[in-house]
Amino acid sequence: MASEISKVPIKLWLILALVFINSANNGYDGSMFGSVLAFNEFKSFFNLTGTDTNTSQISSIINIGNIVGGFLTGVIVDFRGRRVGLAIGCLFIIAGAIIQGTTAGIPQMVAGRFIVGIGLPITVSAAPIFVAELSPPKIRGTLMGLYNTFWYVGSFLARATVYGMIPYSGELKWRLPLFLQMAPSAIVLLTIWILPESPRYLVSRGQNEKAIEVLATYHADGDKNAEIVRFQMEEIIEENEREQRYKSDSFMGSVRAYIALFSSRATLHRLLLCWMVSWFPGVSVISYYLVPMLEGAGINSEQTVLGIGLGVDILSWLCAMAGAFLLADRIGRRRMGMYTIVVVVLGYAIMGACTGVGVDQKSYSATIAAVAFIFFTNGSFSALWTPLQALYPTEIWPFALRAKAVGIVNVFWGTSGYLFNWVNPLGLGNLNWKYYFVQAAWNGFWIVLIYFFMIETKGHTLEELDGIFLSSNPVKESLKPPKVDQIGDVELAVEKSKA
C-alpha cells in the first residue's frame, strides 16, 4: 500500500488538498455552535441554557436546511460538473455565515443556519464525488478517507477561534466565530477553477479524449496507453452507455434517475447502506454537546472546557489521518465498521459509569476517567469510522445516479441530525450520565446491520461495484479479489520481463 501511495503524483496531492479544505465546512459547524455555548454572553443574548428547546431549535435548523439542500444536490452537481456544483454550495454557506454573524435575534440566527444548511450537503456531495472519481482505484479509500479527516481541521479552527476569544467580552466574542464559518468556502470558491473536471463527468458529456488525458495525467504519469488507463476507460464508457436513460440534461431524465434509486434490489440495498452510514449515531453527542457533557461531569470553566475540546480535535484528526493511511485500504470497510461499533459501545458505557460515580460521589478521579474516555472514544471513532463517512456512500453508486444518491444521503444525514440535535440535549438535560447507556444500546444495533448487509468495496473500481450489487449474494461477491489487482499483476510481470 505504501508503494501505491508513493506513486500518486504531487500535482494530484495538491489538487485534492484544495478539495479537502471543503470538508472543514462540516467540521467547523459541528464544533462552532457547541463551543460558543461555553460563552455566557452568547447564552444570555439568546436566553439559552444549553439544554433547552431554543438551543435545540438553533442547533437543529441546520439539518432542515440539509434536507432541502439534499434534494437540490443531484440536479446542481450534475448540472455543469462537480466544480460548478461545489461553487454553488460554497455561495450558500458564505451567505448564511454573513446572515448569522449579523444576527439580531433567534429568527435571523435560525435563517442564517438554515441557509448554511442548504449549502453544506451540496458541497459535501460534490467534493467527495470529485475525489472518488479522480482517485486511483487501489488507494481510493485512503484518499477519500483523508478528505473526511479535514472535518477535524474545521472543528479545530472553530474551537481555536472560540478559545482565542475567551479574553474578550461583548458580542464580538461570539459573532466572529459565526462569521468565520465562511472561510473554508471562500478558499475553495477562489481556487476551484484550477482543478480538472472528473473523467467520469467528461465521458458523460462525450469528451472522451479529455477524460483519457485526465486519467493518464493522474493515474499513469502521463502515459495515455497505460493498461490502467485503458481498463478504466473501457469500464467508464460501458457504464455510461448502459446508463443513458438516467441522464439529467432534461427534466424527465432527472425524474427517471430519482425513480431509479428505488427501482431494484441493488439500488434499495445501496439506499439501506447509505441510511446505515448516515443514521449511525456514533459520537454525535460528543461532537455537538461536549460542553453540556463536561458541565454534567462538574467541569464548568470556559478555559478548561474549550481546552479539552481542542485536545479532542487534535487527537481525533491524528487518529483519522492514521485510519485513512493505514486502515481504509488495508483491512477494508466492513472490519472498520465492526470495530467502530465495539469501541463506541464500550466507550459510552464506561463514560456513563465514570461520570455517574464522579457526579454522585463527587469523585475527581472518576471525572478524570470520564474525560479520558471521551478522548479514547472520539479518537477510536475517528480512526475507524471517519474515513468511511464520505467514502462509502459515494463509491457504491454508479455514475449516472451518484450525485442524486449522495443528495438523498444528505437528506438522511439531515433527518438524523435533526433528530439527534433535538433529542441529545434533552436527553443530557433529563438523564445526564444515564443517557450514555442509551447511546451505547443504540450504537450496538449497528453491528448486526454491518455484518449482514455491508458490501466490501476495498480495491474494486467504481464500475466493478455495480456488478457486485447485481449479483445474487453481493456481500459474498464483494469479498472476492478485485479485478484491478489482476491488472497490477500483469503490469508487474511486463516490467519484470523488460528488466
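Structure: above.
All values derive from a computational prediction rather than experimental measurement.

Participant: Help me out: how do you make sense of helix α12 (residues 227-242) in this one?
Facilitator: Residues that lie three or four places apart on an α-helix share one face, since the helix turns once every 3.6 residues. For α12, which comprises 16 residues, the first-to-last C-alpha distance of 23 Å matches the rise-based estimate of 22 Å (1.5 Å per residue) to within 8%. Taken as a whole, α12 has its buried residues at Ile228, Val229, Phe231, Gln232, Met233, Glu235, Ile236, Glu239 and Asn240.

Participant: Please explain a nonpolar patch on the surface as it appears in this structure.
Facilitator: Judged by side-chain polarity, Val342, Leu346, Ile350, Ile447, Val448, Tyr451, Phe452 and Phe453 come together as a nonpolar surface patch covering roughly 710 Å² of accessible area. The set of elements that each furnish at least two residues to the nonpolar patch consists of α17 (333-360) and α22 (446-453). Of the residues forming the nonpolar patch, the biggest block, five residues, is contributed by α22.

Participant: Before we go on, may I ask you to explain the packing of helix α14 (residues 265-279) against helix α20 (residues 399-431) in this structure?
Facilitator: Between two packed helices, both the angle of their axes relative to each other and the distance between the axes serve to describe the pair. Look at α14 against α20: their axes get within 9 Å of each other, and the N-to-C directions meet at 40 degrees. The element α14 and its partner α20 pack so that their crossing is right-handed. The segment α14 lies against α20, with Thr267, Leu271, Cys274, Trp275, Val277, Ser278 and Trp279 engaging Leu401, Ile408, Val409, Phe412, Trp413, Thr415, Ser416, Leu419 and Phe420. Of the residues belonging to the contact of α14 with α20, the class tally is 12 nonpolar, four polar and no charged.

Participant: Explanation requested: the nonpolar core in the structure shown.
Facilitator: Ranked by size, the top nonpolar core spans 102 residues in total, and within it Val131, Leu134, Tyr147, Val229, Leu273, Tyr348 and Trp397 carry the most contacts. At eight residues, the largest contribution of residues to this core is made by helix α6 (residues 106-134). Once you skip the residues sitting within four places of it in the chain, Leu134 turns out to touch Leu12, Ile15, Leu16, Pro196, Pro199, Val214, Tyr218 and His219. One finds Tyr28, Val36, Ala38 and Ile106 within the second-largest nonpolar core, a separate group that totals 22 residues.

Participant: Please clarify how α22 should be interpreted in this entry.
Facilitator: Every buried residue of α22 is listed here: Trp446, Leu449 and Ile450. The buried side chains of α22 occupy one side of the element, clustering within an arc of 95 degrees when seen end-on. In this structure, the buried side of α22 is in contact with α14, α17 and α21 (435-444).

Participant: Would you mind going over the packing of aromatic side chains with me for this structure?
Facilitator: Two descriptors summarise a pair of aromatic rings, namely the distance from one centre to the other and the angle between the planes of the rings. According to the stated counting rule, one finds 22 aromatic pairs in the structure shown. With a centroid separation of 6.2 Å and 65 degrees between ring planes, the pair formed by Phe20 and Tyr147 is classed as edge-to-face. With Phe20 in helix α2 (residues 10-36) and Tyr147 in helix α7 (residues 140-164), this residue pair connects regions lying 127 residues apart in the sequence. Across this residue pair, the class does not change: Phe20 and Tyr147 are buried.

Basis of the calculations
Residue numbers restart at each chain and count upward from 1, following the sequence in its written direction. The model is predicted, so local features are restricted to residues of pLDDT at least 70 and side-chain atom pairs to those at 80 or more, both for listing and for counting; the totals for chains, interfaces and linings are taken over all residues. Heavy atoms throughout the structure, all of them, feed into the side-chain values; hydrogens and water do not. Only runs of H or I of at least four residues qualify as helices and only runs of E of at least two qualify as strands under DSSP, and these elements are numbered from the N terminus. Expected helix span is taken as 1.5 Å per residue step, with the number of steps being one fewer than the number of residues. Relative accessibility under 20% of the residue-type maximum defines a buried residue, over 50% an exposed one, and the middle range a partly exposed one, all with a 1.4 Å probe and only protein chains included. Like charges are joined within 9 Å and nonpolar side chains (Val, Leu, Ile, Met, Phe, Trp, Tyr) within 5 Å, but only among residues with over 30% relative accessible area and no salt bridge; these make up the patches. Per-residue and other accessible areas follow the Shrake-Rupley method at a 1.4 Å probe size, with only the shown protein chains counted as cover for residues. A side-chain nitrogen of Lys or Arg and a carboxyl oxygen of Asp or Glu constitute a salt bridge if their distance falls within 4 Å. For helices, the axis comes from a line fit to the C-alpha atoms of the stretch in contact; other axes are also lines fit to C-alpha atoms, and the angle between any two N-to-C directions lies between 0 and 180 degrees. Should the near helix be turned counterclockwise from the far one by less than a right angle, the crossing is left-handed, whereas a clockwise turn marks it as right-handed. Two residues qualify as a contact provided that any one of their heavy atoms is within 4.5 Å of a heavy atom in the partner residue. Any residue that is not Ala, Val, Leu, Ile, Met, Phe, Trp, Tyr, Cys, Pro, Asp, Glu, Lys or Arg is counted as polar, Gly included; the first ten are nonpolar and the last four charged. What we call a nonpolar core is a set of buried Ala, Val, Leu, Ile, Met, Phe, Trp, Tyr and Cys residues that are connected through their side-chain atoms within 4.5 Å. Summarising the geometry, the arc corresponds to the directions from the helix axis toward the C-beta atoms. The pairing test for Phe, Tyr and Trp rings, Trp by its six-membered ring, is centres within 6.5 Å, and the orientation test on the planes gives stacked under 30 degrees, edge-to-face over 60, and tilted for anything in between.

What is shown is where atoms sit, not what they do.
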